[in-house]
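This is what each chain is made of:
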Amino acid sequence: MSLLIKGGTVVTPTESFVADVYAENGIITAIGKDLKISADKTVDASGKLVLPGALDVHTHMAMPFGGTVSADSYLTGTRAAACGGVTTVFDYPVQRKGGTILGLVRSKMDVLEKEACVDYAFHCCITDLNGGEILDEMELAVKEGITSFKCFLVYKKEGMMVDDATLVKLMIRAKELGALINVHAENPDIIDMNIAKFLREGKTSAWYHYLSRPEFVEAEADKRAVHWAKNFDAPLYIVHMADKEGLEACIKAREEGASIYVETCPQYLEFTNEVYKRKDGRNFVCSPPMKGIESREALWAALKAGFIDTVATDHCPFQSYEKDWGKDDFTKIPNGCAGVENLYPYMLDAANAGKITFEKAVEVCAANPARIFGCETKGSIAIGKDADIVIYDKDKDFTVSAQNMHSNYDHTIWEGKKLHGYPVQTYLRGNLVYDNGDFVGKPGSGRFIKRIAKK
Ligand code: URP
Ligand code: ZN
Ligand code: ZN
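So, here is what we can say about the structure in this document. No experiment lies behind these values; they were computed from the predicted model shown. (Residues numbered from 1 in each chain as written. Chains lettered and ligands numbered in written order. Predicted model: local features only at pLDDT ≥ 70, side-chain atom pairs only at ≥ 80, totals over all residues. Heavy atoms only, no water.)

### A word on the overall build of the protein chain
Part 1 of the argument: Scanning the protein chain from N- to C-terminus turns up 13 helices and 20 strands.
Part 2 of the argument: Taking as baseline every contact in the protein chain between residues at least 6 positions apart, the subset at least 24 positions apart corresponds to 75%.
Part 3 of the argument: With 54 positive and 63 negative side-chain charges, the protein chain shows a spacing of 1 Å between the two charge centroids. (Helix = DSSP H or I, 4+ residues; strand = E, 2+ residues; numbered from the N terminus. Contact = heavy atoms within 4.5 Å. Lys, Arg positive; Asp, Glu negative; His and termini not counted. Charge placed at Lys NZ, Arg CZ, Asp CG, Glu CD.)

Structure follows, in structure tokens:
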């Protein structure tokens, strides 16, 4: 099966140029002006952008959390990904106490083999070293292509948190193996202290979700994680960065030579803590919460200046009736919001509006995530890469609504968001999976991406 995409503007992290792109058996084999090759399928992309498929390196599909399970199955979540131009998703399966990494991954793979509509990889959340066995098993996991692991510095009551010694042991071991540790940084003790105080005082609206975990609560944990990374000379990836002070600590550490990678999410670039004052504020409850306007502006500035490496979504939607559990008590709201289908359109809209360049959008949504997480065949339009390609119409207007998304949820924080420019087609390894509003792929066609450790 061969595919020829003719006359579009190919966008890479460093340049944009008009060219034809030819792929055979799912791999890009030629790029050039007016290629004289015949193909099984030829697509006219003149006037359109030809982009690498995005990698959403932060999603939670079918995740038991907050007294329920996140609303998207692997099928609906990866279907939505395809329709938003995301051709690889990273899931975060969570180790149960006593469980093994490979046991956990195999149980997820059994489902994904049947359901995945795009390619996939895993960062495993480690919650317990099992007396040290996990540190040994990490070597096997890395050989199997699982080269990143996550530590929650929060969710203590939920049994998901690791203490600092565990974090440091994991960082040192990951470094030995050429792997990477991702952290969710917030301070759990201060959050729990604040929550207890607000509940005692009868302060139960969604605003108190924000006030129980404000900027300095995230910043403390960001700084602590960076401190350990610097002093143990190990690389670190901070997920869903949302606050200015923590971000500045990361930038400073990087300037001093530490290997700190920073991810943020569209919700932190778009919204501020004001959303928690809304009547439907509970629908925006995620952790960390959206912060004040200074943090939002600092995130955009850092993104433009190259201090934010990746933009991913933390996709973890819940239905309205589940969010409603916390109508009168913010602690009962399942934490998480939708995003996987909105990531690339949102960042590309920002490029279309001149806020960032299209090259920057490609860098942070595709090239950087592929490079940082060892997906050698992903993340760019280049010879030898997978033909994961998005055709983007800069002139197409689109308004996001739960009704025109391809997930399994009944509301979205992105409702009513107007985008100028939208993907019109997505190809996964040369096969069309999204066509002008419709998912046209096949569940089960996504493949596990065996990643390469950095050595
Ligand atoms: O609120 C969020 N972010 N839910 C998903 C779990 C996590 O912390 O990433
Ligand atoms: Zn998190
Ligand atoms: Zn998350």
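### Considering the coordination of the zinc ion (ligand 2)
Each pair of donors in an ideal octahedron of six around a metal sits at 90 or 180 degrees, and each pair in an ideal tetrahedron of four sits at 109.5 degrees.
Part 1 of the argument: Donor atoms from the polypeptide that coordinate the zinc ion (ligand 2) comprise H184 (ND1) and H240 (NE2), at 2.1 Å from the metal.
Part 2 of the argument: Coordination at the zinc ion (ligand 2) is irregular: its four donor atoms span angles of 57 to 144° at the metal. (Donors = N, O, S within 2.8 Å, 3.2 Å for Na, K, Ca; no water. Tetrahedral: all angles 85-135°; square planar, octahedral: opposite > 155°, others 65-115°.)

### Describing the sheet that holds strand 11 (residues 124-125)
Part 1 of the argument: Taking strand neighbours across the sheet as the criterion, the six strands line up as 11-12-13-14-15-16 in an open arrangement whose pairing is parallel. Among the strands making up the open sheet, the edge pair consists of strand 11 and strand 16 (310-311).
Part 2 of the argument: Sheet analysis places strand 15 (residues 260-264) next to strand 16, joined by two bridges and oriented parallel. Paired with T264 across the two strands is V311, which belongs to strand 16. (Pairing = 2+ DSSP bridges.)

### Things to note about the site of ligand 1
Part 1 of the argument: Surrounding ligand 1, one finds 14 residues, the nearest of these being Y155, H184, S287, D314 and N335.
Part 2 of the argument: At 2.6 Å from an oxygen atom of ligand 1 is found a side-chain nitrogen or oxygen belonging to Y155.
Part 3 of the argument: Separating an oxygen atom of ligand 1 from a side-chain N or O atom of H184 is a distance of 3.0 Å.
Part 4 of the argument: Taking 260 Å² as the accessible area of ligand 1 by itself, protein coverage stands at 100%.
Part 5 of the argument: Across the shell around ligand 1, the residue classes break down as five nonpolar, seven polar and two charged. (Near = heavy atom within 4 Å. Polar contact = N/O pair within 3.5 Å; in protein donor to acceptor, adjacent residues only side chain to side chain. Areas by Shrake-Rupley, 256 points an atom, 1.4 Å probe, with all protein chains shown as cover. Nonpolar A, V, L, I, M, F, W, Y, C, P; charged D, E, K, R; others polar.)

### Describing the sheet that holds strand 6 (residues 54-59)
Part 1 of the argument: Taken together, three strands build an open sheet; the order of strands is 6-9-10 and the sheet is parallel. Whereas interior strands pair on both sides, the edge strands pair on one side only; in this sheet they are strand 6 and strand 10 (119-122). Strand after strand, the sheet turns through a mean of 20° between neighbouring axes, direction not considered.
Part 2 of the argument: With four bridges connecting them, strand 9 (residues 86-91) and strand 10 associate as parallel partners. For T88, the partnering residue across the bridge sits in strand 10 and is D119. (Axes fitted to C-alpha atoms, helices over the stretch in contact; angles between N-to-C directions.)

### Structural notes on the pattern of salt bridges
Part 1 of the argument: For the structure on display, the rule yields 29 salt bridges.
Part 2 of the argument: Between R254 and D309 there is a salt bridge whose closest N-O contact spans 2.7 Å. Placement of R254 in helix 8 (residues 244-255) and of D309 in the loop between helix 10 (293-305) and strand 16 is noted, with a sequence separation of 55 residues between them.
Part 3 of the argument: As a salt-bridge pair, E297 and R296 come within 3.4 Å of each other at their nearest N and O atoms.
Part 4 of the argument: Look at E297 and you get partly exposed, because its relative accessible area is 42%.
Part 5 of the argument: Connected via shared salt-bridge partners are D119, K378, D386, D388 and R429. (Salt bridge = Lys/Arg side-chain N within 4 Å of Asp/Glu carboxyl O. Buried < 20%, exposed > 50% of the residue type's maximum accessible area, 1.4 Å probe, protein only.)

### Comments concerning empty space enclosed by the protein
Part 1 of the argument: Considering all chains together, one arrives at three cavities of 30 Å³ or more under this definition.
Part 2 of the argument: When its volume is computed, the largest cavity comes out at roughly 110 Å³.
Part 3 of the argument: Lining the largest cavity are 15 residues, and of these H60, F65, Y155, D314 and N335 lie nearest its centre.
Part 4 of the argument: Looking at side-chain class alone, the lining of the largest cavity contains six nonpolar, seven polar and two charged residues.
Part 5 of the argument: Taken as a whole, the second largest cavity spans an internal volume of roughly 40 Å³.
Part 6 of the argument: Residue lining of the second largest cavity: N283, P317, F318, K323, G336, C337, A338, H411, T412 and I413, and that is the complete set. (1 Å grid on protein atoms, 1.4 Å probe; cavity = no way out; pocket = protein on both sides within 12 Å on 5 of 7 lines; lining within 4 Å. Points joined across faces, edges and corners; volume = space filled by probe spheres on them.)

### Points about the coordination of the zinc ion (ligand 3)
Part 1 of the argument: The coordination sphere of the zinc ion (ligand 3), as far as protein atoms go, consists of H58 (NE2), H60 (NE2) and D314 (OD), spread over 2.0 to 2.1 Å.
Part 2 of the argument: What the four donor atoms of the zinc ion (ligand 3) show is an angle range of 89 to 142° at the metal, which sorts the shape as irregular.
Part 3 of the argument: Each donor residue of the zinc ion (ligand 3) belongs to the same chain, and together they define the spacing H-x1-H-x253-D.
Part 4 of the argument: Here the zinc ion (ligand 3) and the zinc ion (ligand 2) are spaced 3.5 Å apart. Pair noted here: H60 is in the loop between strand 6 and strand 7 (64-65) and D314 is in the loop between strand 16 and helix 11 (320-323), with a separation of 254 residues, a long-range link. For the pair H60 and D314, one class covers both residues: buried.

Purely spatial values, then, with no claim about function.
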